[in-house]
Amino acid sequence: MSMGMARASSGLQYPERFYAAASYVGFDGSTSPTKTLTSKFAKSTSLLLYSLYQQASVGPCNVPEPSTWKMVEHGKWASWNQLGTMSSTEAMRLFVKILEEEDPGWYSRASNSVVEPVIDVQMNHNSKVEPVIENGNSYPETKTISTQNGSEVGTEDKDIVVEGFSSVGVYDQWIAPPVSGQCPKARYEHGAAVVQDKLYIYGGNHNGRYLNDLHVLDLRSWTWSKIEAKAGDEPPTTSIPCAGHSLIPWGNKLLSVAGHAKDPSESIQVKVLDLQTATWSTLKTFGKAPVSRGGQSVTLVGGTLVIFGGQDAKRTLLNDLHILDLETMTWDEIDAVGVPPSPRSDHTAAVHVERYLLIFGGGSHATCFNDLHVLDLQTMEWSHPTQLGEIPTPRAGHAGVTVGENWFIVGGGDNKSGVSETAVLNMSTLAWSVVTSVQGRVPVASEGLSLVVSSNNGEDVLISFGGYNGRYNNEVYVLKPSHKSTLQSKIIENSVPDSVSAIPNATNATRDAESEFEVGHEGKNWEVVLDSVGPAKSKGDVISVLKAEKEELESSLGKEKQHALQLKQELAEAESRNTDLYKELQSVRGQLASEQSRCFKLEVEVAELGQKLQAVGTLQKELELLQRQKAASEQAALNAKQRESSGGVWGWLAGTPPPDQRA
């Protein structure tokens with residue numbers, strides 16, 4: 001799941017931002033839209049905003065074409081009609097994007113008329129601040145630890161009080177919102193992830209002890225609560241105390257990947273927390289899993305996890321690259337071409353336009369890095385591009401999060417102290433700028449802190465938790481990035497020769513239709529549209545660019561459909577082949593069975609014949625014995641006869657002998 005996917009839930013609050021923008025421009029029915037627009041913007045911009053508003057609120061143009069002599073009416077109709085079937089949400093996003101380009105401060109100016117007004121920020125010079133009472137709730141004071149108009153503002157002499165976080169009107173400053181509930185124990189190197197306006201914190205390290213507790217912060221009420229998770233699977237899978245792991249949102253589940261543990265396993269384990277049942281289980285994977293480690297980076301790109309580097313249980317630093325396909329649950333070690341980053345841990349990684357994996361910073365046993373490496377996930381090739389702008393100092397243990405094409409980097413340490421700057425990298429131009437700087441030993445200048453992005457009243461907010469900077473922290477800080485970070489990067493981009501940019505523009509990158517949509521209004525491709533929106537350009541130019549974009553998307557989508565069709569055919573062929581083979585196998589099995597039964601019958605017959613043969617042998621022996629006995633008895637009878645006959649003659653001749661002689 002890419003950043004685009006991950007933030008789909010926060011997109012639900014987007015309409016409010018569009019309605020505020022529409023109201024600000026004058027589409028609230030109170031004045032003639034065209035008149036208000038024309039006074040504020042160039043004609044081509046006005047027309048484009050009008051048509052995008054119609055597309056977003058009404059849908060594709062279905063009204064009949066007005067007469068061409070009514071130039072204004074016809075122009076408005078033609079502009080709207082040429083947007084074709086662009087989706088309502090896309091029109092909303094583009095509307096707000098164009099307004100921001102033309103009038104960067106619109107939101108703060110619109111705050112008086114917006115349904116949820118931005119409350120004025122009170123600056124108090126007193127050291128004692130009374131909590132503000134709102135709707136009967138007492139909010140503690142909310143501290144800012146940022147710079148104000150370029151000058152350092154210490155926490156000691158100035159405090160900012162806001163009436164509930166939802167109404168904070170401060171941009172580019174770290175502020176501690178008023179949180180309630182049971183706060184988690186202070187920690188660092190924990191896992192953090194946002195799913196549906198809830199921030200989950202799992203595990204981490206406190207005073208050298210590994211933790212396995214699970215906490216959730218509701219980002220609407222800013223209330224902490226602890227989750228008692230159950231053990232699932234057979235045998236039961238419990239959450240093992242760990243630190244330096246990665247927590248990844250995956251649908252309505254959280255994946256806890258790798259991490260250091262007291263008794264480490266040989267290879268990386270992936271634990272799954274089902275948020276609906278609060279049950280842990282182990283992900284059953286196939287293939288050769290990477291060696292166990294902590295301090296690695298894990299990035300969700302589409303349906304795969306990309307894992308880089310870290311430190312194994314023997315404290316060996318790694319720079320290997322592995323991919324876990326979450327559809328087949330199969331591990332794959334990637335042997336990428338080019339020069340990989342040196343072995344390291346506690347670095348950060350981000351993905352740009354679903355294609356480029358960026359690795360920044362991290363540390364070895366001896367030093368910290370501030371190098372930037374890019375892996376093209378299509379060609380699996382590493383590059384080491386030139387960085388521009390205010391390049392951050394070397395650091396490890398920092399945290400990063402992407403908002404559109406901006407990659408925000410917060411905290412970290414450099415072996416001496418915590419890093420105080422919050423930096424942003426425009427991933428299209430590779431230009432760095434500093435968003436804000438904090439003073440003193442504050443939690444956002446920590447190592448091992450976590451950083452997530454969520455949406456508050458339709459605006460992006462960065463949320464940090466925990467970290468270690470001489471003490472373990474458990475505070476929550478938030479920062480609303482203004483759009484100046486994008487604009488600053490754009491100013492630098494205009495002065496940069498094209499050859500320097502290592503990452504091709506999103507329009508040039510070959511991508512599938514899905515990632516085109518995910519990049520959305522914040523991707524580089526929209527900048528092409530926006531750059532051509534100016535007083536000198538006609539509406540035709542803008543529309544033709546939009547049409548070209550649309551055609552490109554449609555052809556890309558067509559190719560994808562064709563590819564899907566081809567795959568389906570191949571699958572059908574494979575299945576029919578499979579069926580034939582199965583039939584063949586069945587017939588062979590049948591033949592084999594009949595052969596086996598024939599063999600068995602023959603064996604039985606052989607056995608029977610053997611028995612008969614044995615019986616014949618026995619009979620023959622008996623016969624021979626009888627024959628010998630008969631012969632012997634016949635001989636005996638003959639001998640007796642002879643004796644009898646001879647004795648009788650002599651007796652007759654000589655008379656009968658006396659009895660004693662006969663004996």
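Residues numbered from 1 in each chain as written. Predicted model: local features only at pLDDT ≥ 70, side-chain atom pairs only at ≥ 80, totals over all residues. Heavy atoms only, no water.

## A few points about the side chain of aspartate 103
Part 1: Mapped onto the elements of the fold, aspartate 103 is located in the loop between helix H6 (88-102) and helix H7 (106-110).
Part 2: Filtering out sequence-adjacent residues up to four positions away, aspartate 103 remains in contact with Tyr24, Phe41 and Arg109. (Helix = DSSP H or I, 4+ residues; strand = E, 2+ residues; numbered from the N terminus. Contact = heavy atoms within 4.5 Å.)

## Things to note about the packing of aromatic side chains
Part 1: Summed over all chains, the structure comprises 11 aromatic pairs.
Part 2: Ring centres of tyrosine 468 and tyrosine 472 lie 4.6 Å apart, and the angle between their planes is 50°; this geometry places the pair in the tilted category.
Part 3: In this structure tyrosine 472 comes out as buried when scored by relative accessible area, which is 19%.
Part 4: Among the aromatic residues, ring-to-ring pairing joins Phe18, Tyr19, Tyr53 and Phe95 into one connected group. (Phe/Tyr/Trp six-rings, centres within 6.5 Å; stacked < 30°, edge-to-face > 60°. Buried < 20%, exposed > 50% of the residue type's maximum accessible area, 1.4 Å probe, protein only.)

## Regarding the nonpolar core
Part 1: Judged by nonpolar contacts, the single largest core of 28 residues is most densely connected at Leu52, Phe95, Trp106 and Leu546.
Part 2: Taken together, the elements giving at least two residues each to this core come down to helix H2 (14-25), helix H4 (43-57), H6, H7 and helix H11 (539-654).
Part 3: If one sorts the elements of this core by residue count, H6 sits on top with seven residues.
Part 4: Each residue touching leucine 52, except ones within four places of it in the same chain, is listed here: Leu83, Met86, Ala91, Leu94, Phe95 and Ile98.
Part 5: In terms of nonpolar packing, the next biggest core, distinct from the first, is built from 19 residues, Trp174, Val401, Val442 and Val444 among them. (Core = buried A, V, L, I, M, F, W, Y, C linked by side-chain atoms within 4.5 Å.)

## Focus: the sheet that holds strand S26 (residues 368-376)
Part 1: As summarised here, the arrangement of the four strands in space is S24-S25-S26-S27, forming an open sheet in which the pairing is antiparallel. Looking along the sheet, the strands with just one partner apiece sit at the ends: strand S24 (348-352) and strand S27 (381-383). For this sheet, the mean angle separating the axes of adjacent strands, direction not counted, is 25°.
Part 2: By the bridge criterion, five bridges tie S24 to strand S25 (residues 356-363) in an arrangement that is antiparallel. When the bridges of S25 are listed, alanine 350 appears paired with leucine 358. (Pairing = 2+ DSSP bridges. Axes fitted to C-alpha atoms, helices over the stretch in contact; angles between N-to-C directions.)

## Focus: the environment of leucine 321
Part 1: Looking at the secondary structure, you find leucine 321 in strand S22 (residues 317-325).
Part 2: Among the residues examined, leucine 321 registers a relative accessible area of 4% and is labelled buried.
Part 3: Remark: the alpha-carbon pair of leucine 321 and glycine 309, spanning 12 residues in sequence, is separated by 6.9 Å.
Part 4: Those residues in contact with leucine 321 that sit more than four places away from it in its chain are Val306, Ile307, Phe308, Asp332, Glu333, Ile334, Ala336, Leu375 and Trp382.

## A short note on the confidence of the model for the protein
Part 1: Model confidence for the protein is summarised by a mean pLDDT of 79, while 75% of its residues fall at 70 or above.
Part 2: The weakest mean pLDDT in the protein belongs to strand S1 (residues 122-124) at 30; the strongest belongs to strand S21 (residues 304-312) at 98.
Part 3: Residue range residues 1-12 is modelled with pLDDT below 50. Its contacts to residues more than four positions away, or to other chains, number 25 contacts.
Part 4: Contacts of residues 112-165 to residues separated by more than four positions or lying in other chains number 99 contacts, the stretch itself having pLDDT below 50. (pLDDT = per-residue confidence, 0-100.)

## Remarks on the sheet that holds strand S33 (residues 450-456)
Part 1: Strand order in the open sheet formed by three strands is S33-S34-S35, and the pairing between neighbours is antiparallel. Either end of the sheet is taken by a strand with one partner, and the two such strands are S33 and strand S35 (472-479). Put simply, the sheet's adjacent strands are angled 20° from each other on average, direction ignored.
Part 2: Pairing geometry for S33 and strand S34 (residues 459-468), over seven bridges, is antiparallel. Bridge assignment links serine 450 to a residue of S34, and that residue is phenylalanine 465.

## Topic: the environment of serine 221
Part 1: Locating serine 221 in the fold gives a position in the loop between strand S10 (209-218) and strand S11 (223-227).
Part 2: We classify serine 221 as partly exposed; its relative accessible area is 43%.
Part 3: Expressed as a C-alpha distance, the spacing of serine 221 and lysine 198, which sit 23 residues apart in the sequence, is 9.9 Å.
Part 4: A distance of 3.0 Å separates a polar atom in the side chain of serine 221 from a polar atom in the side chain of threonine 223. (Polar contact = N/O pair within 3.5 Å; in protein donor to acceptor, adjacent residues only side chain to side chain.)

## Re the pairing of S11
Part 1: One ladder, built from two bridges, connects strand S7 (residues 180-181) with S11; its direction is parallel. Within the sheet, the bridge partner assigned to serine 180 lies in S11 and is threonine 223.
Part 2: Summarising the sheet, S10 and S11 pair through five bridges and their orientation is antiparallel. Paired with histidine 215 across the bridge in S11 is lysine 226.
Part 3: Once S10 ends, the chain turns through four residues before running back antiparallel as S11, passing tryptophan 222 with a positive phi of about 55°.

## Examining the pattern of salt bridges
Part 1: For the structure shown, the criterion picks out 14 salt bridges.
Part 2: Two residues, arginine 344 and aspartate 371, come together in a salt bridge whose shortest N-O distance is 2.8 Å. Remark: aspartate 371 occurs in strand S26 and arginine 344 occurs in the loop between strand S23 (330-333) and S24; sequence separation between them is 27 residues. No difference in accessibility class separates arginine 344 from aspartate 371, as the two residues are buried.
Part 3: Salt-bridge contacts for glutamate 475 lead to arginine 471; the nearest nitrogen and oxygen are separated by 3.1 Å.
Part 4: Given the relative accessible area of 40%, arginine 471 is considered partly exposed.
Part 5: Taken together, the salt bridges that share partners define one network made up of Arg17, Glu100, Glu459 and Lys480. (Salt bridge = Lys/Arg side-chain N within 4 Å of Asp/Glu carboxyl O.)

## Considering the side chain of aspartate 320
Part 1: With respect to the element layout, aspartate 320 can be found in strand S22.
Part 2: Within the structure, the side chain of aspartate 320 is placed 2.9 Å from the side chain of histidine 322, a separation counted as a polar contact.
Part 3: In this view, aspartate 320 contacts Arg293, Ile307, Phe308, Gly309 and Glu333; residues no more than four positions away in its chain are not counted.

## What about the packing of H4 against helix H5 (residues 71-81)?
Part 1: With their axes 8 Å apart at the nearest point, H4 and H5 run at an angle of 60° to one another. Taken as axis vectors, H4 and H5 run oblique relative to one another. The chirality of how H4 crosses H5 is right-handed. Along the contact surface, H4 presents Leu47, Leu48, Tyr50, Ser51, Gln54 and Gln55, while H5 presents Gly75, Lys76, Ser79 and Trp80.
Part 2: Broken down by class, the residue content of the contact of H4 with H5 amounts to four nonpolar, five polar and one charged. (Parallel < 35°, antiparallel > 145°, perpendicular 65-115°, else oblique. Left-handed = near helix turned anticlockwise from the far one by under 90°. Nonpolar A, V, L, I, M, F, W, Y, C, P; charged D, E, K, R; others polar.)

## Regarding the pairing of S21
Part 1: S21 sits mainly inside the fold: nine of its nine residues count as buried.
Part 2: Bridge count between strand S19 (residues 293-294) and S21: two bridges; the pairing is antiparallel. Counterpart to glycine 294 in the pairing with S21 is glutamine 311.
Part 3: With five bridges joining them, strand S20 (residues 297-301) and S21 adopt antiparallel strand pairing. Within S21, the residue paired with leucine 300 across the bridge is leucine 305.
Part 4: Turn length for the S20-S21 hairpin, with the two strands adjacent in sequence and antiparallel, is two residues, and the turn residue glycine 302 shows positive phi of about 60°.
Part 5: Bridge count between S21 and S22: seven bridges; the pairing is antiparallel. What sits directly across from isoleucine 307, in S22, is histidine 322.
Part 6: Taken together, S21 and the strand that follows it, S22, pair antiparallel across an intervening segment of four residues, in which arginine 315 is found at a positive phi of about 70°.

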